[in-house]
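Per-entry structural report
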Amino acid sequence: MTHVSIKSLTKTYPGAPKPALDRLSLEIPSGDLTALLGPSGCGKTTTMKMIAGLLDPTSGDVTFDGRSILRDKPEKRGVVMVFQNHLLFPYMTVADNVGFGLKMRKVAKPEIDARVAEMLALVQLPDLGRRRPSELSGGQQQRVALARALIVRPNVLLLDEPLSNLDAHLRFEMRDLIRALQRDMGITTIFVTHDQEEAVVLADRVALILDGSLCQYAPADVFYKRPADEAVARFFGGHNFIPGNSTAGTFHSTLPPLRLPDDARTGSGKLTFRPESVRIGAAPENTLTTRVIDRIYLGTQTRLRLSSGDNVIEAVLSPDLVEGLQPGADIEINLPRQSLWVLE
Ligand code: ATP
């Protein structure tokens, strides 16, 4: 079990006008699964490489259980990194691939064989040890790569986009497998992804990084309910941002006054709420009369754009609730108080 602290970690590549990663600080509890989430080029891989020892930081520190690891050679850090293109050795059998790290550590053959068999059973590939990687599906290769990383019982596991390249069904299987293995073995795990859904389904906590800077570090649901700012809310698919003023538990704007939750901030700001939190019909509070601008059928959901005065409100609703509702129709909606949040 390893507590990882990342302290003001900064990397400026030679000749670059600004840091690729700017003063990133994260406390990752022992055994936790943290996602570094952000668009391409935001600094995720740079962070992973500094933890793994493949890249020197410009400033800042990384500690494992309170001890700085920056002077340790990569192989002494107890970190393993699983790359997206999993890089199995093509000429070795699956079993030899999985046992490779133990062979390098000069572990005795019978112990290697026993631990390889155990690992292959854990990743649910018990009978495939004799095959070559080319004889496996992409999902199976990914599980072999995971087994090869975990067999050395690392202190910290780094995963690069672990669920991408998998179809929907395999994504859930792989997610459950990673979670189960990581929990059972108590390995502190950090993974990078640009995919918000991948971060949400897999991580205990998500660190959203935009343009080299940390925007918010919190459990996944907080990003939906209590985003730190508009950029965070937009990254997570938020659409509704209404400027106004929050006083005494009420939001005043060009919409009718809306009652706010107790923890909402006061002062001027933007009201935000998730499209999926909009309810059809009148309620004792926060009811608005709106007009349908347009609707898009998405299969399991329907997305509506509604106008209220000059404001456009996006709502995502179950298709059967809005069946037959045409553009131009007037409908009442309500915004549950707990779903509202005021951004600075
Ligand atoms: P992706 O999701 O595309 O892998 P990322 O979030 O992992 O992106 P990084 O690879 O960490 O992003 O890159 C962050 C920034 O640093 C980018 O602007 C990139 O161009 C720059 N960068 C990365 N490696 C180097 C390098 N060796 N020399 C100079 N600049 C680099």
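Now for a quick tour of the structure.

Scoring rules and cut-offs
- Residues numbered from 1 in each chain as written.
- Predicted model: local features only at pLDDT ≥ 70, side-chain atom pairs only at ≥ 80, totals over all residues.
- Heavy atoms only, no water.
- Helix = DSSP H or I, 4+ residues; strand = E, 2+ residues; numbered from the N terminus.
- Buried < 20%, exposed > 50% of the residue type's maximum accessible area, 1.4 Å probe, protein only.
- Contact = heavy atoms within 4.5 Å.
- Areas by Shrake-Rupley, 256 points an atom, 1.4 Å probe, with all protein chains shown as cover.
- Lys, Arg positive; Asp, Glu negative; His and termini not counted.
- Charge placed at Lys NZ, Arg CZ, Asp CG, Glu CD.
- Axes fitted to C-alpha atoms, helices over the stretch in contact; angles between N-to-C directions.
- Parallel < 35°, antiparallel > 145°, perpendicular 65-115°, else oblique.
- Left-handed = near helix turned anticlockwise from the far one by under 90°.
- Nonpolar A, V, L, I, M, F, W, Y, C, P; charged D, E, K, R; others polar.

This part takes up the overall build of the protein chain. Regarding its fold elements, the protein chain presents eight helices and 20 strands. The proportion of buried residues among the 344 residues of the protein chain is 49%. Taking all contacts inside the protein chain whose residues are at least 6 apart in sequence as the whole, residues at least 24 apart take part in 67%. As presented, the protein chain carries roughly 16,400 Å² of accessible surface, and 52% of it is formed by carbon and sulfur atoms. Between the centroid of the 40 positive side chains of the protein chain and the centroid of its 40 negative side chains there is a distance of 6 Å.

What follows covers the packing of helix H2 (residues 94-104) against helix H3 (residues 109-122). Where H2 contacts H3, the axes come no closer than 9 Å and their chain directions differ by 125 degrees. With respect to H3, the element H2 is oriented oblique. The two elements H2 and H3 cross, and the hand of that crossing is right-handed. Contact residues: H2 offers Val94, Ala95, Val98, Gly99, Leu102 and Lys103, while H3 offers Ile112, Arg115, Val116, Met119 and Leu120.

The next subject is the packing of H2 against helix H4 (residues 138-150). H4 packs onto H2 with a crossing angle of 30 degrees between their chain directions and a minimal axis gap of 6 Å. In terms of their interaxial angle, H2 and H4 are classed as roughly parallel. In the crossing of H2 with H4, the sense of the turn from one axis to the other is right-handed. Side by side, H2 and H4 meet where Val94, Asn97 and Val98 of the first sit next to Val144, Ala147 and Arg148 of the second. When the residues that make up the contact of H2 with H4 are grouped by side-chain class, the tally is four nonpolar, one polar and one charged.

Most of helix H1 (residues 44-52) is tucked away, with seven of its nine residues classed as buried. Of all the residues in H1, the buried ones are Lys44, Thr46, Thr47, Met48, Met50, Ile51 and Ala52. Downstream of H1 by one or two residues, glycine 53 has phi in the positive range, about 90 degrees.

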